[in-house]
Amino acid sequence: MTPSTSPDERRRLRRRRTRADSAPPPDPMAWRAVGVVAGVAAVLVLAGLLVPAPSADGEQEGTVQPVDSSTAVCPEPGSVDGSRTTSAMTVVPGLPGQDRDGEASIAYLEGGDGTGDGSGETVPADEGAVAADGQPQGSLQQPGDAAQVVAEESRLPALEVRTVGGLAPGLVAAQTTQDSFSDGRGLSSQACLGPDTTWWFVGGGSTAGRESQLVLVNPESTPAELEVAISGPDGPVSAPRLRGIVVEPRSRVVVRLSREAPRLPGVTWRVTVRQGRVMAAVSDRESDGFVPRGADWIPASVDPATRVLVPGVIGGPGGRQLLVHAPGDLSATVRVRLITAAGSFVPVATPEVEVPGGSVVSVDLDSALQGEDATVDLQSDQPIVAGVRQRHPGVDASAGSLEELSYTAGAALIAGDAAVTGLPAERSTGVTVWITAPDDIITIERAPDSDMAQMESSAEPDPADASAEPTAVPSADPAADDSVAPSAQVSLRILAASPDGEALPAIDDIVVSVPRGRLVTVDIPRPEGAAWFTVVATVSDGEVVIAHRALRRNKDGSLVTGYPWRPLRTTVVVPRAVPDPGLAISGA
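Residues numbered from 1 in each chain as written. Predicted model: local features only at pLDDT ≥ 70, side-chain atom pairs only at ≥ 80, totals over all residues. Heavy atoms only, no water.

### Brief notes about the overall build of the protein chain
When its secondary structure is counted, the protein chain shows 6 helices and 37 strands. The 588 residues of the protein chain split such that 48% are buried. Within the protein chain, residue pairs in contact and separated by at least 24 positions form 80% of the contacts whose partners lie at least 6 positions apart. Accessible surface computed for the protein chain: about 27200 Å², of which carbon and sulfur atoms make up 52%. (Helix = DSSP H or I, 4+ residues; strand = E, 2+ residues; numbered from the N terminus. Buried < 20%, exposed > 50% of the residue type's maximum accessible area, 1.4 Å probe, protein only. Contact = heavy atoms within 4.5 Å. Areas by Shrake-Rupley, 256 points an atom, 1.4 Å probe, with all protein chains shown as cover.)

Okay, here's the thing in structure tokens:
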């Protein structure tokens, strides 16, 4: 018997049948469309997995473009007690990117001075002193322009030079202080560099009569936080107050070594910035009671590496002390080689030096150098930093002559352009440039009955050709002998400036050929009518390291200074965006 159905139920059933009958039939192509979409997605995902990532060494890493801004900071532009400080700056002309509009500013950082003892106190700058002394002479309005700031009456805040646009490529600045009378007697100079996050310095001390200090300058608009690590002959030195140093915006902080780590004969400084950037510099001054024994700035060293080249070791009498530091816990075995105008050799007394991890080792170079100018070539099984501390009785030394002090440090290889400015043009001052083309270190036999080992390459040109006059080029032709590596070609351009910063007529370029494994000496002629000048080196067909010496004759003994050169900052790598198909799929 069939159960009865109510009228309402019958109406609902009729409506269901009507909707079912009106629905469209299933499309057999729908599943095919879904399959196509899924297949395309799978192909794209697989392609994203198979496409290689951009190579870090390839062109996809970025494009090379002219720099758009440059900064140089002179940390101590003022002078007191009879000394005179000149801060010189110029924009080297003839570089890519200088066809744009550009602007430049020369200004003091008047945020004040502080100390690195953790007090956090900052002494405001003396605005009256800035107004009375050290006004800029000249201006930077186009490439080739020069300017200087001369101060001899007051200690001034740090000096900042900023350039943008077409004036950014090729900015170079330097600071030179001459003191002929006071307890800081000496000729001191250094490059005015831009801010960075890591700095290394090899040299300085805190024994009796030594005064070494670290100057930290923050040219930015935000605070910089950093720590300073000091190492000595016995390893790292505990200095808790040097952790967490804060340098306020547009201010300067001075750290005195004698307060933080006394009784150290030689040290290495490492500045590590945790937040922001700073410009760092180290000065060293020595006296024996009331008798001054020289002063100079210690040039910043290149970062630790397994091969370090230290150019600018000045020949003549006086002490030459090589300082080598091995960062970290691992000891380093360092092979020492000296490159001179006559060739390269390994000193018999110290062919290798063992440097315990974290320590600073001193090596006497006097007997090995035998009065020759040299570049120290170090190769190590662990990364190292190195520098040389030099004493000079002067070229015209007599029984009553006072000694002078200078430093040099590990230098960067130069394959393009490099420049230094602020070189003095006084009649009693001479400027010498040393150019060294390093070669590969090879195994040699050391001569047991001599102060130096045998020369490493007997096939190289005659030593007499390795020291070039300003207009001479060594006559050796490396192409004539395939066993001899090609020489590096270096052109030196002299840009002279008048006392008011006006550019003087150009001087003929000096072109030299530097055989590999040799040092070439070039005496720079003094430009007539110049107060100071800039030397620009352009290197082709090789890599070199360059350093200079400025020597001023004085009745009490010569004044000496100099430092290694750095590559000229002209271009920057701009990162290039690369599409990632995988990211595109996940975003969709």
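### Brief notes about the pairing of strand β10 (residues 171–179)
For β10, the tally of buried residues reaches 8 of 9 residues, placing the bulk of the element in the interior. With 8 bridges connecting them, strand β3 (residues 84–91) and β10 associate as antiparallel partners. Within β10, the residue paired with T86 across the bridge is T176. Sheet topology places β10 next to strand β11 (residues 186–191); 6 bridges connect them, and they run antiparallel. Directly across from Q175, in β11, lies its bridge partner Q190. (Pairing = 2+ DSSP bridges.)

### Looking at the confidence of the model for the protein chain
Averaged over all residues, the pLDDT of the protein chain is 83; the fraction at 70 or higher stands at 76%. Within the model, the stretch residues 43–51 combines pLDDT values under 50 with 3 contacts to residues more than four positions away or in other chains. Across residues 443–483, confidence stays below pLDDT 50; counting only partners more than four residues off in sequence or on other chains, it has 79 contacts. (pLDDT = per-residue confidence, 0-100.)

### Considerations on the sheet that holds strand β31 (residues 488–497)
Spatial strand order, β29-β34-β31-β32: 4 strands in an open sheet with antiparallel pairing. The two strands at the open ends of the sheet, each matched to only one other strand, are β29 (417–424) and β32 (510–514). Along the sheet, successive strands turn relative to each other by an average axial angle of 20°, direction set aside. Here β31 runs beside β32; their pairing, made up of 5 bridges, is antiparallel. Of the residues in β32, the one forming a bridge with A488 is V514. (Axes fitted to C-alpha atoms, helices over the stretch in contact; angles between N-to-C directions.)

### Looking at the sheet that holds strand β4 (residues 102–108)
The pairing of strands in a sheet happens through backbone hydrogen bonds and is either parallel or antiparallel. Spatially, the 3 strands line up as an open sheet ordered β2-β9-β4, and their pairing is antiparallel. For this open sheet the edge positions go to β2 (69–74) and β4, each flanked by a neighbour on one side alone. Here the average twist between neighbouring strands, direction ignored, is 10°. As defined by bridge partners, β4 adjoins strand β9 (residues 159–165) across 7 bridges and the pair is classed as antiparallel. Paired with G102 across the two strands is G165, which belongs to β9.

### Some words on unusual backbone geometry
The phi angle at R263 is positive, at roughly 65°, despite the residue not being glycine. On the secondary structure map, R263 appears in the loop between α4 (257–260) and β18 (268–275). With phi around 50°, Q370 is a residue other than glycine that occupies positive phi space. Here Q370 shows up in the loop between α5 (366–369) and β27 (374–392).

### Some words on the pairing of strand β25 (residues 352–355)
Every other side chain in a regular strand lies on the same face of the sheet, so the side chains alternate between the two faces. With burial as the criterion, only one face of β25 is covered, namely that bearing V353 and V355; the residues E352 and E354 on the opposite face remain uncovered. As defined by bridge partners, strand β23 (residues 332–340) adjoins β25 across 4 bridges and the pair is classed as antiparallel. The residue bridging V334 from the neighbouring strand is V353, located in β25.

### Topic: the state of the cysteines
Enumeration according to the criterion identifies 1 disulfide in this entry. In this model C74 forms its disulfide with C192; the gap between the sulfur atoms is 2.0 Å. What sets the handedness of the C74 and C192 disulfide is the S-S torsion sign, and at about 110° it is right-handed. Here C192 lies in the loop between β11 and β12 (198–202) and C74 lies in strand β2, a separation of 118 residues in the sequence. In this pair, the class of C74 matches that of C192, namely buried. (Disulfide = S-S within 2.5 Å.)

### As for the nonpolar core
By size, the foremost hydrophobic cluster in this structure holds 38 residues, and its most contacted members are L214, L216 and V271. Those residues in contact with L216 that sit more than four places away from it in its chain are L226, I245, V247, S251, R252, V253, V255, V271, M279 and A280. If you look at the next biggest cluster of nonpolar residues, it comprises 31 residues, including I435, I510, A537 and A550. (Core = buried A, V, L, I, M, F, W, Y, C linked by side-chain atoms within 4.5 Å.)

### Focus: the pattern of salt bridges
All chains considered together, the criterion is met by 23 salt bridges. Across the pair E286 and R293 runs a salt bridge, and its minimum N-O distance is 3.4 Å. According to the relative accessible area criterion, R293 is partly exposed, its value standing at 25%. The partner of R307 in a salt bridge is D377, and the shortest N-O contact between them spans 2.6 Å. Taken together, the residues R307 in strand β21 (residues 305–313) and D377 in strand β27 connect sequence positions 70 residues apart. Looking at D377, the relative accessible area reads 0%, which means it is buried. A single salt-bridge network, built from bridges that share partners, covers E160, R162, E220, R250 and R277. (Salt bridge = Lys/Arg side-chain N within 4 Å of Asp/Glu carboxyl O.)

### Examining the environment of G266
Within the secondary structure, G266 sits in the loop between α4 and β18. With residues near it in sequence (within four places) discarded, G266 still touches G204, S231, G232, P233 and V360.

### Some remarks on the environment of S180
Within the secondary structure layout, S180 lies in the loop between β10 and β11. If sequence neighbours within four positions are ignored, S180 has contacts with R185, N554 and L559.

### Digging into the environment of G316
Along the chain, G316 falls in the loop between β21 and β22 (320–325). Each C-alpha atom, one on G316 and one on L369, is 8.9 Å from the other, the two residues being 53 residues apart in sequence.

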